[in-house]
Amino acid sequence: MQDGIGRKIEYLRVSVTDRCNLRCRYCMPREGIEQFAHADCLTLEEIYRIVSVMADMGLKKVRFTGGEPMVRKNLVKLVRDVAGLPQIETVAMTTNGVLFADQVKEFAEAGLNAVNISLDTLEADQFAQITGRDELEKVLQAVDCSLEQGLKVKINCVPVRELNGMTDEQAAGSYLKVAELARKYPVDVRFIELMPIGCGREFSRITGEETLAALEARYGRVTELQRRDSDAQGADVRSGPARYVKFAGFRGRIGFIDPLSHQFCAECNRLRLTVDGRLKLCLYYAGGVDLREMLRGGASDKELREEIEKVLLKKPREHHFLQEDNTGIQREGAENRECGEKLYDIPETRRMVQIGG
Ligand code: SAM
Ligand code: SF4
C-alpha cells in the first residue's frame, strides 16, 4: 500500500473498544465518556475481514489497542486469526496491563509477539492519582509475566508536568524510576510526549529533550541516538518513530517518541481503524473512510480494497498539532491543503481513548 506522497503503509492500529478500566487523567474524564452502542462497534469478524483484505494489500503489522483492549471479550480469538494470516509478521498489543498478567499465556500461545505496557509512574500513590485506580502491582505483574512468556515488551510512559511533578526535580524523580525498568529488565522504556488531544489539552507536556537531559544528568551523557532499528531483544519491529539511547549497565534501551518536537510524519507507515469502523488516515485529522457502512452494505473484498486504495491517496502529509491553540481550533494556514476535500481538513475531535493512541 502506498499513499499519495509515496509513503509505504504496512502497519494498522486497531482499536477494539472505546471502554477502559482506568481513567488516566490526560486521556479519559473521571466520569467516563459517552460510549458507542455495541451495535455500532465492529464485530471481531468484521475486524478480521478488514485486516485480511489489507493483508493482501501489503499490511505486515497489526497492533490491538483501545480503550483498553483487554476488556474486549474473545480478543484472543481475533489475535489467533490475525496471527494466522501469512502476510502478518507482527501482532502487537498496547495495554494498561491491569488485566494482562492473567491472560498473557493465552495471548502468547495465540500468536501475540509484542506488548507495549503503559506505565507513567512507579509510585503507588501517583499511579492511583493518574489512573484513578490502585492497580500498580497488577501492571508490574504484567511486565514480569509478559517477559516469562517470551513477548517483546516495551514500556510507554507519558510524563506530564501536573501529574509527575510540578518542579523539574519532582518530575524527574518520578519518571526516572520508570526508566530504571530498562536497567532491571530487557525492555525498552519509551517516553512519549503528551499530545494536545481531548483531556491531554488540559495538561503540560514534558518534552523528550527535558527527559533526556534528566537521564543524562543521572546516567551520564550519551553521544549517539539510534533510530528505527531493531529493538532491545534483537527482533525487528518495523519503522517505529522512537529515537533510542542506551545507557551503560542497562539491559534495555530508552526511547523518545516526540511527535511535537521531532515530527516524524515523513516516515509515517500507519493507518488506524476505530472501533466504529472508520479507517483513519492520521492521528490529528478526522478524515477517513467508513468501512463499517461498506461491510454492512454488502461490499465485496474487491470493493473494500478499491476504496482503501482510493482513500489512502488522501492521507495527510503531516499533523498540525503545533499550529493549533489549546482549544482545538486551528490557526489560519494550518489546514492540510494536500487533501483537497473539506472532510480531510478537519482536525480530530475524538479523545485518545476513542482512537487508541
Ligand atoms: N488503554 C491502553 C493503554 O493505556 O495502553 C491502550 C489505549 S491508550 C489510548 C494508548 C496510549 O496512548 C497509552 O500509552 C497512553 O498513555 C497514550 N495516550 C493517551 N492520551 C495521550 C495523549 N494525549 N498524548 C500522548 N499519549 C497519550
Ligand atoms: Fe489510560 Fe489507556 Fe484507559 Fe486512556 S485508554 S484511560 S491511557 S488506560
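Residues numbered from 1 in each chain as written. Chains lettered and ligands numbered in written order. Predicted model: local features only at pLDDT ≥ 70, side-chain atom pairs only at ≥ 80, totals over all residues. Heavy atoms only, no water.

K.L.:
Just checking my understanding: could you explain helix α7 (residues 168-179) for this structure?
P.N.:
Since the α-helix turns once every 3.6 residues, residues separated by three or four places project in the same direction. Taking 1.5 Å of rise per residue, the twelve residues of α7 would be expected to cover 16 Å, and the 16 Å separating its terminal C-alpha atoms lies within 8% of that figure. Listed as buried for α7 are A171, A172, S174, Y175, L176, V178 and A179. (Helix = DSSP H or I, 4+ residues; strand = E, 2+ residues; numbered from the N terminus. Expected span 1.5 Å × (residues − 1). Buried < 20%, exposed > 50% of the residue type's maximum accessible area, 1.4 Å probe, protein only.)

K.L.:
What exactly am I supposed to notice about the environment of T121 here?
P.N.:
Relative to the helices and strands, T121 is located in the loop between β4 (114-118) and α4 (124-131). Those residues in contact with T121 that lie beyond four places of it in its chain are Q126, F127, I130, L136, N164, S174 and V178. Polar side-chain contacts of T121 include one of 3.0 Å to the backbone nitrogen of E123. For T121, the side chain forms a polar contact with the side chain of Q126, separated by 2.7 Å. (Contact = heavy atoms within 4.5 Å. Polar contact = N/O pair within 3.5 Å; in protein donor to acceptor, adjacent residues only side chain to side chain.)

K.L.:
For this particular structure, what's the right way to read the pattern of salt bridges?
P.N.:
A side chain with one charge can pair with a side chain of the opposite charge if their charged atoms come near. For the structure shown, the criterion picks out 22 salt bridges. As a salt-bridge pair, E209 and R243 come within 3.9 Å of each other at their nearest N and O atoms. In this pair, E209 sits in helix α9 (residues 208-219) while R243 sits in strand β8 (residues 243-245), placing the two residues 34 residues apart along the sequence. For the salt bridge of K302 with E306, the shortest nitrogen-to-oxygen distance reads 3.1 Å. (Salt bridge = Lys/Arg side-chain N within 4 Å of Asp/Glu carboxyl O.)

K.L.:
What should I look at first to understand helix α11 (residues 301-312) in this one?
P.N.:
The terminal C-alpha atoms of α11, which comprises twelve residues, lie 16 Å apart, in line with the 16 Å expected from a rise of 1.5 Å per residue. Along α11, the positions that sit buried rather than exposed are L304, I308, V311 and L312. An end-on view of α11 places all buried positions within 105° of arc, on one side of the element. Looking at the buried side of α11, the elements it contacts are α1 (44-57), β10 (270-273), β11 (278-280), β12 (288-290) and α10 (291-296). (Arc of directions from axis to C-beta.)

K.L.:
How should the site of ligand 1 be read in this particular structure?
P.N.:
The full set close to ligand 1 counts 18 residues, and Y26, G67, E68, S118 and M195 are the nearest of them. E68 places a side-chain nitrogen or oxygen 3.2 Å from a nitrogen atom of ligand 1. The protein chains hide 95% of the 540 Å² of surface that ligand 1 would expose on its own. For the shell around ligand 1, the class distribution of residues is six nonpolar, ten polar and two charged. (Near = heavy atom within 4 Å. Areas by Shrake-Rupley, 256 points an atom, 1.4 Å probe, with all protein chains shown as cover. Nonpolar A, V, L, I, M, F, W, Y, C, P; charged D, E, K, R; others polar.)

K.L.:
Teacher, can you tell me more about the site of ligand 2 here?
P.N.:
Surrounding ligand 2, one finds C20, L22, C24, C27, M28, G67, N96 and V353. For the shell around ligand 2, the residue count by class is six nonpolar, two polar and no charged.

K.L.:
Could you clarify how one ought to interpret the side chain of N116 in this entry?
P.N.:
Within the secondary structure, N116 is located in strand β4. Among residues more than four places away in sequence, those in contact with N116 are R63, M93, T94, T95, K154, N156 and R190.

K.L.:
Explain the pairing of β4 to me, please; I cannot follow it from the model alone.
P.N.:
Each regular strand displays side chains that alternate between the two surfaces of the sheet. The element β4 is extensively covered by neighbouring structure, given that four of its five residues are classed as buried. Here strand β3 (residues 90-95) runs beside β4; their pairing, made up of four bridges, is parallel. Opposite M93, over in β4, you have V115 as the bridge partner. Tracing the backbone out of β3, into helix α3 (residues 104-110) and back to the parallel element β4 gives a crossover that is right-handed. Bridge count between β4 and strand β5 (residues 152-157): five bridges; the pairing is parallel. (Pairing = 2+ DSSP bridges. Right-handed = clockwise from strand over helix to strand, strands pointing away.)

K.L.:
Sorry if this is basic, but what is going on with unusual backbone geometry here?
P.N.:
Trans peptide bonds make up the majority, and among non-glycine residues the majority have a negative phi. The phi dihedral of N74 is positive, around 60°, even though this residue is not glycine. Turning to its location among the elements, N74 is positioned in the loop between β2 (61-65) and α2 (75-83).

K.L.:
How should I be thinking about the pairing of strand β9 (residues 254-257) in this particular structure?
P.N.:
Of the two faces of β9, both are covered, the one formed by I254 and F256 as well as the one formed by G255 and I257. Bridge analysis of strand β6 (residues 188-192) against β9 gives four bridges, and the strand direction is parallel. If you follow I192 over to β9, its bridge partner there is I257. In terms of strand pairing, β8 meets β9 through three bridges, oriented antiparallel. Note on β9: the bridge partner recorded for Y244 is G255.

K.L.:
Explanation requested: the packing of aromatic side chains in the structure shown.
P.N.:
When we look at a pair of aromatic rings, we describe it by the centre distance and by the angle of the planes. A complete count under the given rule lists seven aromatic pairs for this structure. Ring geometry for Y219 versus F247: centroids 5.4 Å apart, planes at 50°, classification tilted. Within this pair, whereas Y219 is found in helix α9, its partner F247 is found in the loop between β8 and β9, the two being separated by 28 residues in sequence. Side by side, Y219 and F247 carry an identical accessibility label, which is buried. (Phe/Tyr/Trp six-rings, centres within 6.5 Å; stacked < 30°, edge-to-face > 60°.)

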